[in-house]
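The residues making up each chain are set out below.
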Amino acid sequence: MDAVRLITAGRRALAHSGAAMDIVWEAWQTQALAQGMGHWLAVSGPRELRAEARGLGEAGGRGCGVFHRAALRGERAAPDQPPRAAQLTVVTDVRGSLLGLQDLLGEVGMALVGVACGTDDEGLYWQCMESIDAADESSDRVRALLRRLTAHHHGAA
């Protein structure tokens, strides 16, 4: 499935998430998508993005790891179904996909702030804080990819 469709599905799912753990689940889904897009771009994307794309894949992987570490502490069961990102087969619109992922990461960060501010559960609060940091790191990587893409486009013109 194309990255843009997966991003759209993620935005829709996040918008319909009401419970705190549903939002946390969607944050995990988004980090898995960042990881998947990073890996796809590193292998199959434009040559000028491949080095930066590896960084996005690694950042997304660390973001997914936040949730697995929490599961090991017994705070949340590890997600037992494959992430939506497992359906990623192609990134046809690289720029559009990166812009969409950046928007989704921002929305996830804001939703996690809401969960963190509304919980009395210290474990959930700190999980949200770590997840917000991970979303910020992934977003930074996406911005770097967009800058490189823009610089290459202007250099080729």
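The text that follows walks through the structure, step by step, so that each part is easy to find. (Residues numbered from 1 in each chain as written. Predicted model: local features only at pLDDT ≥ 70, side-chain atom pairs only at ≥ 80, totals over all residues. Heavy atoms only, no water.)

**So, the packing of aromatic side chains**
So, step 1. A full pass over the atoms with the stated rule returns 2 aromatic pairs.
So, step 2. Their ring planes at 25° and their centres at 5.0 Å tell us that Trp-25 and Trp-28 sit as a pair that is stacked. Residue Trp-25 and its partner Trp-28 are located together in helix H2 (residues 20-44), separated by 3 residues, close to a single helical turn. No difference in accessibility class separates Trp-25 from Trp-28, as the two residues are buried.
So, step 3. When the ring of Tyr-125 is compared with that of Trp-126, the centres are 4.9 Å apart and the planes differ by 85°; the resulting orientation is edge-to-face.
So, step 4. Residue class for Tyr-125 comes out partly exposed when judged on its relative accessible area of 31%.
So, step 5. Under the relative-accessibility criterion, Trp-126 is labelled partly exposed at 46%. (Phe/Tyr/Trp six-rings, centres within 6.5 Å; stacked < 30°, edge-to-face > 60°. Helix = DSSP H or I, 4+ residues; strand = E, 2+ residues; numbered from the N terminus. Buried < 20%, exposed > 50% of the residue type's maximum accessible area, 1.4 Å probe, protein only.)

**Structural notes on empty space enclosed by the protein**
So, step 1. A complete count under the given rule lists 2 cavities of 30 Å³ or more for this structure.
So, step 2. Taken as a whole, the largest cavity encloses approximately 50 Å³ of empty space.
So, step 3. Those elements that place two or more of their residues in the lining of the largest cavity are helix H1 (3-15) and H2.
So, step 4. Ranked by residues supplied to the lining of the largest cavity, first place goes to H2 with 3 residues. (1 Å grid on protein atoms, 1.4 Å probe; cavity = no way out; pocket = protein on both sides within 12 Å on 5 of 7 lines; lining within 4 Å. Points joined across faces, edges and corners; volume = space filled by probe spheres on them.)

**Focus: the packing of H1 against H2**
Each packed pair of helices is defined by two parameters, the angle between the axes and the distance between the axes.
So, step 1. Closest axis-to-axis distance for the H1/H2 pair is 10 Å, and the angle between their directions is 165°. Put simply, H1 runs roughly antiparallel to H2. Considering the relative orientation of H1 and H2, their crossing is left-handed. Packed against H1, whose contacting residues are Ala-3, Leu-6, Ile-7, Gly-10, Ala-13 and Leu-14, the element H2 presents Ile-23, Glu-26, Leu-33 and Met-37 at the interface.
So, step 2. Of the residues in the contact of H1 with H2, the class split is 8 nonpolar, 1 polar and 1 charged. (Axes fitted to C-alpha atoms, helices over the stretch in contact; angles between N-to-C directions. Parallel < 35°, antiparallel > 145°, perpendicular 65-115°, else oblique. Left-handed = near helix turned anticlockwise from the far one by under 90°. Contact = heavy atoms within 4.5 Å. Nonpolar A, V, L, I, M, F, W, Y, C, P; charged D, E, K, R; others polar.)

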